[in-house]
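Fold and contact review
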Amino acid sequence: MEGFLAALGISFAVIFVAELGDKSQLMAMTFATRFKPVPVLIGITVATALVHLVSVGIGYGLGTTLPTGWISLVAGIAFLAFGAWTLRGDKLTDEEKSKAERSTGSAILAVGGAFFLAELGDKTMLATITLATQHGWFGTWIGSTIGMVAADALAILVGRYLGRHLPEKAIKYGAAALFAIFGIWLIAEGVIEVR
């Protein structure tokens, strides 16, 4: 149970912060201007749960077959790269924005389909794979899914009801710093194990 809670907490925190300012969060804001918040959140939740289930499957498989010291080193380097990616920032392309604005039919299907495709290969998917190499798959899956949905729900709330933007620079730097801290910690852990 302790391992599950650790995986849940770490995954929630990392993915919540990683999702702040991400393009899928911008998509959530866009969809929320067009559809009611509940169907948007359902679509996001279903898509996220599926993508992160695949992610933890890949990560857990890698974690059981590769030596843990080397996994920690690679994961640490990956987290440093995620930090740099976060500093670079994400923007919705005109095509992605127009898809979100033009979507018709079921809001759940439109949002779920768009989010599923947007998350494939995204930093939150890669971070979830990385976390699953170190922690139990179930706690990582639940934590990463809840973290992403919570961050997107925050975006919907802010975008829909408050009409303000999240303080982009502070969030970007904070998220990058969190990734850097986790990256350095994992590298140090890996160096100790490899020796």
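To keep things clear, this report deals only with the structure shown in the data block. (Residues numbered from 1 in each chain as written. Predicted model: local features only at pLDDT ≥ 70, side-chain atom pairs only at ≥ 80, totals over all residues. Heavy atoms only, no water.)

To continue, consider the side chain of Asp 152. In this fold, Asp 152 is placed in helix α8 (residues 137-162). What makes Asp 152 buried here is its relative accessible area of 0%. Excluding residues within four positions of it along the chain, Asp 152 makes contact with Glu 19, Ser 24, Gln 25, Ala 28, Ile 44 and Phe 115. (Helix = DSSP H or I, 4+ residues; strand = E, 2+ residues; numbered from the N terminus. Buried < 20%, exposed > 50% of the residue type's maximum accessible area, 1.4 Å probe, protein only. Contact = heavy atoms within 4.5 Å.)

What follows covers the nonpolar core. The biggest cluster of nonpolar side chains holds 24 residues, and the ones touching the most others in it are Val 14, Phe 31, Val 40, Ile 44, Val 111 and Phe 115. Where this core is concerned, the elements lending two or more residues are α1 (2-19), α2 (23-34), α3 (37-65), α4 (68-88), α6 (107-119), α7 (123-134), α8 and α9 (168-194). (Core = buried A, V, L, I, M, F, W, Y, C linked by side-chain atoms within 4.5 Å.)

With that settled, the discussion passes to the packing of aromatic side chains. Geometry of an aromatic ring pair is reported as the spacing of the ring centres plus the angle between the planes. With the rule as written, the count across this model stands at five aromatic pairs. When the centroid spacing of 5.7 Å and the interplanar angle of 20 degrees are considered together, the rings of Phe 12 and Phe 16 count as stacked. Of this pair, Phe 12 and Phe 16 both sit in helix α1, separated by four residues, roughly a single helical turn. Between Phe 138 and Trp 141 the ring centres are 6.0 Å apart and the planes differ by 55 degrees, which places this aromatic pair in the tilted class. Here Phe 138 and its partner Trp 141 are both found in helix α8, three residues apart, which amounts to about one turn of the helix. (Phe/Tyr/Trp six-rings, centres within 6.5 Å; stacked < 30°, edge-to-face > 60°.)

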